[in-house]
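Commentary on secondary and tertiary structure
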Amino acid sequence: MRIKTLTAILFMIPIYSALGQNGFSLELNIKTAPTEEITINETGFGLSVFGNINTKTKITNTFKYSKTDVNYQIENYGLQNNLNQYNSFENTFELSHQLSEKTKLNFEMTPTFNYENTIDFEDLSILGNLGISHELNTKNKINIGIGRTTVFGKPEILPFFSF
């Protein structure tokens, strides 16, 4: 009897995954990085919802949460009680519009909250970009635009170009 139930569950999982590709996706990450003196545990989950507004416009919204715990094995480590838990909330909104057969306009906005123990307004960063993508042929594409990204932890407005 248990084999019949287990077989039914195994057949249901791929069906659920196939149906999940129609408009949403869910991810779960668990990672541990041990060293001699410090162990870093990271857990996170994300939910993406995507769809087409019309034949030329696509929209995607992704929410992610991650929590990083740092466990110190040294008792005399100076930052043991201060820096041991990091949290991050991130919501990415993406909009792409097909201008022509080979040219696409892309917009992305990502508000993030990255904090240690208590959340504050200073922990908010609003990042994103606006760019144009043009496909030269099947193997080559040009991306050009401007974006607000973090450079070594400091948000900056920078142009970008890729080939």
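The numbering scheme is per chain: residues are counted from 1 as the chain's sequence reads. In keeping with the predicted nature of the model, local features appear solely for residues at pLDDT of at least 70, side-chain atom pairs appear and are counted solely at 80 or more, and the whole-chain, interface and lining totals rest on all residues. Working from all heavy atoms in the structure, the side-chain values ignore hydrogens and water.

Next up on the list: the overall build of the chain. Numbering of helices and strands runs from the N terminus, with a helix taken as a DSSP run of H or I at least four residues long and a strand as a DSSP run of E at least two residues long. Looking only at helices and strands, the chain has 1 helix and 8 strands in total. Put simply, the chain runs from its N terminus to its C terminus through helices and strands in the order α-β-β-β-β-β-β-β-β. Across the 163 residues in the chain, those meeting the buried criterion constitute 16%. In the chain, the proportion of contacts linking residues at least 24 apart, taken out of those at least 6 apart, comes to 37%. Only carbon and sulfur atoms are counted for the fraction: they give 60% of the accessible area of the chain, which is about 12,400 Å². Think of it in three bands: residues with accessible area under 20% of the maximum for their type are buried, residues over 50% are exposed, and the middle band is partly exposed, with areas taken using a 1.4 Å probe on protein chains only. The contact criterion used throughout is that any non-hydrogen atoms of two residues lie within 4.5 Å. The Shrake-Rupley method, run with a 1.4 Å probe, gives the accessible areas here. Residue values count only the displayed protein chains as cover.

Taken residue by residue, a regular strand's side chains alternate between the two faces of the sheet. Here a strand pair is declared whenever DSSP counts at least two bridges between the two strands. With 8 bridges connecting them, strand β6 (residues 124–135) and strand β7 (residues 141–151) associate as antiparallel partners. Looking at the pairing, Leu130 lines up with Ile146 of β7. The loop that links β6 with its antiparallel partner β7 comprises 5 residues. Of the pairings in the sheet, the one linking β7 to strand β8 (residues 154–162) comprises 9 bridges and is antiparallel in character. In the strand pairing of β8, Gly147 is matched with Leu158. As consecutive antiparallel partners, β7 and β8 are separated by 2 residues, and within that stretch Phe152 has a phi angle of approximately 55°, a positive value.

Now for the pattern of salt bridges. Basic side-chain nitrogens of Lys or Arg form a salt bridge, by our definition, when they fall within 4 Å of a carboxyl oxygen of Asp or Glu. Going through the model one piece at a time under the given rule, you end up with 2 salt bridges. Between Lys31 and Glu42 there is a salt bridge; the shortest N-O distance is 3.6 Å. Here Glu42 lies in strand β2 (residues 38–52) and Lys31 lies in strand β1 (residues 24–34), a separation of 11 residues in the sequence. Residue Glu42 is classed as partly exposed on the basis of its relative accessible area of 30%. Here Lys154 makes a salt bridge to Glu156, at a shortest N to O gap of 3.6 Å. For Glu156, a relative accessible area of 29% gives the class partly exposed.

With that out of the way, let us pick up the packing of aromatic side chains. Whether two aromatic rings pair depends on their centres lying within 6.5 Å, for rings of Phe, Tyr and Trp, where Trp uses its six-membered ring; planes under 30 degrees apart make the pair stacked, over 60 edge-to-face, and the rest tilted. If you walk through the whole model with that rule in mind, you get 5 aromatic pairs. Centre to centre, the rings of Phe45 and Tyr65 are 5.9 Å apart; their planes meet at 45°, and the pair counts as tilted. Of this pair, Phe45 sits in strand β2 while Tyr65 sits in strand β3 (residues 57–72), and the two are 20 residues apart along the sequence. Phe45 gets classed as partly exposed once you look at its relative accessible area, which sits at 39%. Here a set of aromatic residues connected by ring pairs shows up, and it is made of Phe45, Phe63, Tyr65, Phe89 and Tyr115.

Turning next to the confidence of the model for the chain. Per-residue confidence from the predictor is reported as pLDDT, which spans 0 to 100. Confidence along the chain averages 81 in pLDDT terms, with 80% of residues attaining 70 or more. The model gives residues 14–20 a pLDDT under 50, and that stretch makes 2 contacts with residues more than four places away or in other chains.

Moving on, we get to the pairing of β6. Strand direction decides the pairing type here: strand β5 (residues 103–115) and β6, joined by 11 bridges, are antiparallel. When the bridges of β6 are listed, Leu105 appears paired with Ile132.

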